[in-house]
Amino acid sequence: MTIRVLVADDQAMVRTGFGMIIGAQPDMELVGEAADGVEAVALARRLRPDVALLDIRMPRMDGLDALRLLTGPGVADPVRVVVVTTFDLDEYVHTALRHGACGFLLKDSGPALLVEAIRAAASGDAMISPSITLRLLAHVNRSVPRDGDTGTLSPRELDVVKLVARGMTNAEIAAELFISVGTVKTHLASVQAKLPARNRVEIAAWAWERQLVR
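Participant: Just to check I follow, could you spell out the environment of Cys102 for this structure?
Facilitator: Its place among the elements puts Cys102 in the loop between helix H4 (90–98) and strand E5 (103–106). Placed 50 residues apart in sequence, Cys102 and Ala52 show a C-alpha to C-alpha distance of 9.8 Å. Not counting residues up to four positions away in its chain, the partners in contact with Cys102 are Arg80, Val81, Ala121, Asp125, Ala126, Met127, Asn199 and Val201.

Dropping the structure here:
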């Protein structure tokens, strides 16, 4: 299956660079480019890409507002969005997570991580730049602690959630808990349905909000 990707960034060189990285992958195709948020929303709604890469600071409409329109709460048919930016400000990441981003990368993360993030988003997973993951999630809603609020999750599901919040992959979680990768995926699907959460980022944010990981 070819992953159809839309790139939105106000810098032509960045769009060209991302396009070259995407075009070099055998399983990806660049289907559109946008230079601002308004154009990004219009193209995403018309082209329905598998994944949209959005910069934050763009003219007419910034990437966070575009994200909210494409995948925020209440959007019937959300587009999978990865935010790619130069700025790793906590407020940007928190807002992106709240609005349903499937990933948050810094532009200096490198081609390999960009490709990995696109594939993760396309498969319904999520990724945040490793350099900022724990620092950002550890501060999510720190002012509103919710100790012990774990809803209807089973003890094993909570074990999986805590490891997701520590940044582990499915394979690493399986090894840690001595279960199969398939079982990890089953637990995650159940967790997403119960919370509800649309991806690993939201699961991790939920865990950090409740101080399940310290």
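There's more to say after this.
Participant: How do you make sense of unusual backbone geometry when you look at a structure like this?
Facilitator: For residues that are not glycine, phi is negative in most cases, and the peptide bond is trans in most cases. The phi torsion at Arg60 lies on the positive side, around 65°, for a residue other than glycine. Exposure remark for Arg60: the relative accessible area of 65% places this residue in the exposed category.

Participant: Quick question: what am I supposed to make of the pattern of salt bridges here?
Facilitator: Should the charged atoms of two oppositely charged side chains come close, the side chains can pair. Going through the model one piece at a time under the given rule, you end up with eight salt bridges. One salt bridge connects Arg60 with Asp36, and the closest N-O pair in it is separated by 3.2 Å. One end of the pair, Arg60, is in the loop between strand E3 (51–54) and helix H3 (63–71); the other, Asp36, is in the loop between strand E2 (28–34) and helix H2 (37–47), with 24 residues separating them in the sequence. When the shortest N-O distance is used, the salt bridge between Asp55 and Lys107 registers 3.5 Å. With a gap of 52 residues between them, Asp55 in the loop between E3 and H3 and Lys107 in the loop between E5 and helix H5 (111–122) connect regions that are remote in the sequence. Beyond isolated ion pairs, a larger network of salt bridges with shared partners links Asp9, Asp55 and Lys107.

Participant: I keep staring at the sheet that holds strand E4 (residues 81–85) and nothing clicks. Help me out?
Facilitator: Hydrogen bonds between backbone groups are what pair the strands of a sheet, and the pairing can be parallel or antiparallel. With parallel pairing, six strands are arranged side by side in an open sheet as E2-E1-E3-E4-E5-E6. Each edge of the open sheet is held by one strand with a lone partner, namely E2 and strand E6 (127–128). Judged from the two bridges that link them, E5 and E6 form a sheet pairing that is parallel. Bridge assignment links Phe104 to a residue of E6, and that residue is Ile128. In this fold H2 packs onto strand E1 (3–8), E2 and E3, with an angle of close to 140° to the strand it touches most, E2.

Quick notes on the rules
- Residues numbered from 1 in each chain as written.
- Predicted model: local features only at pLDDT ≥ 70, side-chain atom pairs only at ≥ 80, totals over all residues.
- Heavy atoms only, no water.
- Helix = DSSP H or I, 4+ residues; strand = E, 2+ residues; numbered from the N terminus.
- Contact = heavy atoms within 4.5 Å.
- Buried < 20%, exposed > 50% of the residue type's maximum accessible area, 1.4 Å probe, protein only.
- Salt bridge = Lys/Arg side-chain N within 4 Å of Asp/Glu carboxyl O.
- Pairing = 2+ DSSP bridges.
- Axes fitted to C-alpha atoms, helices over the stretch in contact; angles between N-to-C directions.

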